[in-house]
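# Survey of secondary and tertiary structure
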Amino acid sequence: PCCLRGPSPFTVVNNTAIEITTEAEGAGSQDVRVTAPNGTAASKFSFVAPPRINSPIPNSGSTAGGTAAFIHGVNLAEATQVTIGGKPVRFSVKTHFIWVVTAAELAGPRDVVVTTPGGTATTRFTFVD
């Protein structure tokens with residue numbers, strides 16, 4: 001059996017790996033124990049909270065690019081990627097926000113996606129002439 005807070009269903013992938021789907025859990029570490037005929041192995045598993053975006057400020061900017069925008073939210077500190085309209089942008093992470101400068105883009109709304117170890121969060125930014 002394998003467990004995170006009690007026995008959990010699992011699938012044997014091969015001789016060195018199993019796959020387990022966990023219940024929803026708050027951020028933090030949990031003990032993991034796997035018992036096999038040869039003994040028990042123990043380790044830690046870290047749950048990471050998903051990111052949430054409150055809003056970009058401003059939420060619109062010039063099609064010429066160069067708009068500095070702050071993406072405010074929670075659980076953004078470990079961002080690994082930010083895209084606007086599907087294109088990666090350079091970004092700087094602060095405690096509760098991410099700072100980006102937009103590139104030139106055609107007019108219209110674009111998805112802003114922040115990727116972290118806990119998942120992705122999406123908001124909108126509109127390019128105007």
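The paragraphs below set out a description of the structure included in this document. No experiment lies behind these values; they were computed from the predicted model shown.

Moving on to the overall build of the protein. Scanning the protein from N- to C-terminus turns up zero helices and 15 strands. The globule rule puts the C-alpha radius of gyration for 129 residues at 14 Å, and the 20 Å found for the protein is more than 25% above it. Along the longest, intermediate and shortest principal axes, the C-alpha atoms of the protein span 65 × 25 × 20 Å. Buried residues in the protein amount to 28% of all 129 residues. Counting contacts in the protein only where the partners sit at least 6 residues apart, residues at least 24 apart contribute 47% of the total. As displayed, the protein offers around 8,200 Å² of accessible surface, 54% of which is attributable to carbon and sulfur atoms. Considering the protein, the positive charge centre built from 9 side chains and the negative charge centre built from 8 side chains are found 6 Å apart.

What counts and what doesn't
- Residues numbered from 1 in each chain as written.
- Predicted model: local features only at pLDDT ≥ 70, side-chain atom pairs only at ≥ 80, totals over all residues.
- Heavy atoms only, no water.
- Helix = DSSP H or I, 4+ residues; strand = E, 2+ residues; numbered from the N terminus.
- Rg over C-alpha atoms; globule rule 2.2 N^0.38 Å.
- Buried < 20%, exposed > 50% of the residue type's maximum accessible area, 1.4 Å probe, protein only.
- Contact = heavy atoms within 4.5 Å.
- Areas by Shrake-Rupley, 256 points an atom, 1.4 Å probe, with all protein chains shown as cover.
- Lys, Arg positive; Asp, Glu negative; His and termini not counted.
- Charge placed at Lys NZ, Arg CZ, Asp CG, Glu CD.

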